[in-house]
Amino acid sequence: GDITELTTSGRFGVTDTTMKGIGHLRLLNNLKVGANDVSDDSIQYINQLPLLHTLYIGFTGITEEGACRLKRLKDFTNFGVAGLKSVSRLLSILKSSSKIQKLGVEKCNLTKEDLKTIASMKTIMQLNIDENKVVDDESLKLLVPLQNLETLLMKHTRVTAASLET
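Here the structure is a predicted model, which means the values were calculated and not measured.

Visitor: Would you mind going over the nonpolar core with me for this structure?
Guide: A general feature of soluble globular proteins is that nonpolar side chains tend to end up buried together. Ranked by size, the top nonpolar core spans 46 residues in total, and within it L31, I46, F79, L103 and V105 carry the most contacts. Elements with a minimum of two residues in this core: α2 (43-46), α3 (64-68), β4 (78-82), α4 (88-94), β5 (102-106) and α5 (112-119). Each residue touching L103, except ones within four places of it in the same chain, is listed here: F79, L91, L94, I118, M121, I124, Q126, L127 and N128.

Visitor: Would you explain the sheet that holds β4 in this entry?
Guide: Hydrogen bonds along the backbone pair up the strands of a sheet, which may run parallel or antiparallel. One open sheet accounts for seven strands, arranged β1-β2-β3-β4-β5-β6-β7; its pairing is parallel. In this open sheet, the two strands that pair with only one neighbour each are β1 (5-7) and β7 (151-153). Mean inter-strand twist for the sheet, computed between neighbouring axes without regard to direction, equals 5°. By the bridge criterion, three bridges tie strand β3 (residues 54-56) to β4 in an arrangement that is parallel.

Visitor: I would appreciate a short explanation of the pairing of β5 in the present structure.
Guide: Summarising burial for β5: four of the five residues are buried, a large majority. Taken together, the five bridges between β4 and β5 define a ladder with parallel strand orientation. What sits directly across from V81, in β5, is V105. As a crossover connection, the stretch from β4 through α4 into β5 is right-handed. Judged from the three bridges that link them, β5 and strand β6 (residues 126-128) form a sheet pairing that is parallel.

Visitor: Looking at this structure, I do not really get α5. What am I missing?
Guide: Turn by turn, an α-helix covers 3.6 residues, leaving residues three or four places apart pointing in a common direction. Inspection of α5 places D114, L115, T117, I118 and A119 among the buried residues, and these make up the whole buried set. Where α5 is buried, its residues contact α4, β5, β6 and α6 (137-140).

Visitor: Can you walk me through the environment of S86 in this structure?
Guide: Counting through the fold element by element, S86 comes out in the loop between β4 and α4. Among the residues examined, S86 registers a relative accessible area of 29% and is labelled partly exposed. Through-space distance from the C-alpha of S86 to that of N109 is 5.8 Å; in sequence the pair is 23 residues apart. When near neighbours in sequence (up to four residues on either side) are disregarded, S86 contacts E64 and C108.

Definitions and limits used
- Residues numbered from 1 in each chain as written.
- Predicted model: local features only at pLDDT ≥ 70, side-chain atom pairs only at ≥ 80, totals over all residues.
- Heavy atoms only, no water.
- Core = buried A, V, L, I, M, F, W, Y, C linked by side-chain atoms within 4.5 Å.
- Buried < 20%, exposed > 50% of the residue type's maximum accessible area, 1.4 Å probe, protein only.
- Helix = DSSP H or I, 4+ residues; strand = E, 2+ residues; numbered from the N terminus.
- Contact = heavy atoms within 4.5 Å.
- Pairing = 2+ DSSP bridges.
- Axes fitted to C-alpha atoms, helices over the stretch in contact; angles between N-to-C directions.
- Right-handed = clockwise from strand over helix to strand, strands pointing away.

Spelled out as structure tokens, the structure:
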């Protein structure tokens, strides 16, 4: 059959060389390669997937600069990165998307400006901001404008039970 979903997350051994082979999976719409040894070189192969709408590339060698080169970034409904030094430029591209519903920016050194940018993404229904030190009771209030938000993941942040009233 034709593969539409491929998950190799978790030190599966995927490398840039392995990624060269995904271009022929023309019906692939969901790709998760987190925690593998892929780099910005793999972006060219990911860009060959015309139906891709879900992508997780967390804890890889892919940088923010590389992720910004994703041709279909604004078309993704589900996008996740983790372990990046910054995601400000990436978020500035995603904020003009009318399709993004699930966003993961785990352990990405978010800033308050990043949280404001995320808050402007009205289509977000699920948000993972785990392990970002800027997330505390006060900064969490910046996300109140996310009226469609159903799921908020924020483990290992500085949020306390007091913020649950927010």
